[in-house]
Amino acid sequence: MTRAMGAEMRRIHVGNALSAFGLGFTVPYLYVYVAQVRGLGAMTAGLVLAVFAVAALIVLPFAGRAIVRRGPLPVLIAALVTAALGALSLGLAGNATAVLFAAAALGAGQAVMQPALATMIVDCSTAETRSRAFAMQFFLQNLGLGVGGLIGGHLVDTTRVFSFTLLFGIEAAVFLLLVVVMSTVRMPHSPRLEDAPARSARGGWKQLLGNRAMVQLCVLGFVLFFACYGQFESGLSAYGVEAAGISTSALGTALAANTAVIVVAQFAVLKFVERRRRSRVIAAVGLIWAVAWAVAGYAGLGHGSQEMATAAFVSTYALFGLGEAMLSPTVAPLVAELAPEGMAGQYNSAFALVKQLALAVGPAVGGPMGASLHAPYIVTFLLFSLGISVLAVRLGRRLTAVQDQPWLARSRVVTRGGAPAEPVAADV
């Protein structure tokens with residue numbers, strides 16, 4: 001990577017941190033703001049959260065096309081302006097209609113930021129630096145979410161509407177500041193849809209669905225997000241409270257343990273995974289998460305003391321954090337390696353769409369199970385975690401040697417997309 005590209009990458013990482021800060025700054029307080037502070041009730045507050053997910057599902061397919069045609073930077077700036085307007089409107093909205101429209105704008109803008117930033121990382125990195133760049137992205141995102149949530153929690157006061165108006169106003173200002181920062185980024189030339197063959201222009205999605213390795217990765221990604229992220233604040237927390245008797249303060253400690261493991265272990269884990277096959281790393285994550293679910297089973301279904309149950313539950317979140325730290329330098333770079341030249345934006349948006357689907361379905365399935373069907377809940381998601389390992393091994397058979405082992409590329413151009421040139425020999 002040249003010195004110039006290193007400078008651009010630093011600006012992109014600032015963008016990742018600030019976008020995550022904005023998300024953590026307000027999202028945890030949306031429900032109480034709409035339901036209690038604005039007095040619009042629990043149903044409207046639930047609709048606001050649903051609108052966030054629906055808006056993301058609607059815009060992401062179009063975002064991928066726009067990134068391919070226009071480049072990630074213009075799309076990112078448009079998303080930031082949209083999110084800023086949504087945040088500001090949300091802080092001023094006084095009725096249900098205004099709140100829902102503002103939430104739709106904020107949710108759509110935030111959804112598009114991530115594939116745009118991911119594509120900028122792809123364009124400003126090489127095969128040898130990409131894993132480290134995505135690890136840094138994940139580290140900064142978690143740090144930004146944690147710091148944003150901490151500061152936001154100290155600003156809000158449920159007895160004062162103005163404290164929430166100020167909160168959303170600051171979020172809007174952060175997004176506009178990010179527009180200024182990102183406007184200084186000078187992206188290297190990368191092929192756009194107009195540069196590609198005509199068949200790519202006519203059928204970007206058809207081409208993606210014809211890439212069997214990418215389809216398998218999307219299926220694997222859905223299971224990853226469904227079995228982990230989709231359970232954090234719904235099924236797993238409900239299970240902890242109902243089955244394990246976990247207090248709300250202990251639940252907060254568990255979430256903090258998850259973030260702490262990611263922040264502390266990210267770069268130590270990176271050194272471990274950089275020289276190992278991506279498919280094997282993902283398979284190992286499935287096994288780690290299976291252990292996490294078994295520990296959660298002990299917390300809620302075992303016969304130990306309350307202290308032991310709490311310790312086991314906190315350990316569950318810590319183990320999930322370890323797996324997340326292993327995935328961050330593995331999955332996102334693999335999406336980029338599978339994308340044909342000039343199609344990284346489409347592939348990043350497709351994978352973000354899969355993530356949003358999993359995050360929408362996960363709480364809907366896991367929430368009721370975690371609250372009432374304790375043993376089936378644990379067994380179900382333990383099996384899903386083992387399924388991650390199986391799917392990862394199968395994916396490895398479809399990857400080229402360089403896609404699965406990027407360090408083999410050295411100084412040569414990384415092969416992108418298409419069928420594997422030769423089978424990958426098994427290793428341990």
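Preceding block: the structure.
For clarity, every value in this text was computed on a predicted model and none was experimentally measured. (Residues numbered from 1 in each chain as written. Predicted model: local features only at pLDDT ≥ 70, side-chain atom pairs only at ≥ 80, totals over all residues. Heavy atoms only, no water.)

(A) Representation of the overall build of the protein chain in the model. A tally of helices and strands in the protein chain yields 19 helices and zero strands. The C-alpha atoms of the protein chain give a radius of gyration of 21 Å, which matches the 22 Å a tight globule of 428 residues would have. Once the C-alpha set of the protein chain is aligned to its principal axes, its extents read approximately 60 × 50 × 35 Å. Here the protein chain displays about 17700 Å² of accessible surface, and carbon together with sulfur accounts for 68% of that area. Side chains of the protein chain give 29 positive and 17 negative charges; the mean places of these two sets differ by 8 Å. (Helix = DSSP H or I, 4+ residues; strand = E, 2+ residues; numbered from the N terminus. Rg over C-alpha atoms; globule rule 2.2 N^0.38 Å. Areas by Shrake-Rupley, 256 points an atom, 1.4 Å probe, with all protein chains shown as cover. Lys, Arg positive; Asp, Glu negative; His and termini not counted. Charge placed at Lys NZ, Arg CZ, Asp CG, Glu CD.)

(B) Just the packing of helix α12 (residues 235-242) against helix α15 (residues 306-327), in detail. Across the interface, α12 lies against α15 with an axial gap of 11 Å and an inter-helix angle of 165°. Classified by the angle their axes make, α12 and α15 are roughly antiparallel. Our pair here, α12 against α15, has a crossing hand that is right-handed. Contacts between α12 and α15 involve Leu236, Ser237, Tyr239 and Gly240 from the first element and Phe313, Thr316, Tyr317 and Phe320 from the second. Here the residues of the contact of α12 with α15 sort into five nonpolar, three polar and no charged. (Axes fitted to C-alpha atoms, helices over the stretch in contact; angles between N-to-C directions. Parallel < 35°, antiparallel > 145°, perpendicular 65-115°, else oblique. Left-handed = near helix turned anticlockwise from the far one by under 90°. Contact = heavy atoms within 4.5 Å. Nonpolar A, V, L, I, M, F, W, Y, C, P; charged D, E, K, R; others polar.)

(C) Fine view of the packing of aromatic side chains. Evaluated as defined, the whole model comprises 16 aromatic pairs. Geometrically, the ring pair formed by Trp293 and Tyr377 is edge-to-face, given 5.4 Å between the ring centres and 85° between the ring planes. With Trp293 in helix α14 (residues 278-301) and Tyr377 in helix α18 (residues 374-396), this residue pair connects regions lying 84 residues apart in the sequence. In this pair, the class of Trp293 matches that of Tyr377, namely buried. Among the aromatic side chains, those forming a connected cluster through ring pairs are Phe222, Phe226, Tyr239, Trp289, Trp293, Phe320, Tyr377, Phe381 and Phe384. A cation over an aromatic ring shows up here: Arg276 above the ring of Phe272, its NZ or CZ 4.1 Å from the ring centre. The ring of Tyr229 carries Lys355 above its face, with NZ or CZ at 6.0 Å from the centroid. (Phe/Tyr/Trp six-rings, centres within 6.5 Å; stacked < 30°, edge-to-face > 60°. Buried < 20%, exposed > 50% of the residue type's maximum accessible area, 1.4 Å probe, protein only. Lys NZ or Arg CZ within 6 Å of the ring centre and 35° of its normal.)

(D) Broad picture of the environment of Ala250. Tracing the chain through its elements places Ala250 in helix α13 (residues 248-273). With 61 residues separating them along the chain, Ala250 and Ala311 place their C-alpha atoms 9.0 Å apart. Residues within four places of Ala250 in sequence aside, it is in contact with Thr310 and Val314.

(E) Representation of the pattern of salt bridges in the model. Evaluated as defined, the whole model comprises three salt bridges. Ionic pairing is found between Arg11 and Glu8, a salt bridge with its closest N-O pair at 3.2 Å. A residue pair is termed a helical-turn pair when its members lie 3 or 4 positions apart in one helix, as Arg11 and Glu8 do in helix α1 (residues 3-26) at three residues. The exposure class of Glu8 is buried, given its relative accessible area of 8%. Here Arg130 makes a salt bridge to Glu337, at a shortest N to O gap of 2.9 Å. Residue Arg130 is found in helix α6 (residues 130-155), and its partner Glu337 is found in helix α16 (residues 331-338); the two are separated by 207 residues along the sequence. Of the two residues examined, Arg130 and Glu337, each falls in the buried class. (Salt bridge = Lys/Arg side-chain N within 4 Å of Asp/Glu carboxyl O.)

(F) Highlighting helix α2 (residues 30-37). In terms of burial, α2 is largely enclosed, as six of its eight residues are buried. Buried residues of α2: Leu30, Val32, Tyr33, Val34, Ala35 and Val37, and no others. Once α2 finishes, Gly39 follows within two positions and takes phi at roughly 65°, a positive value.

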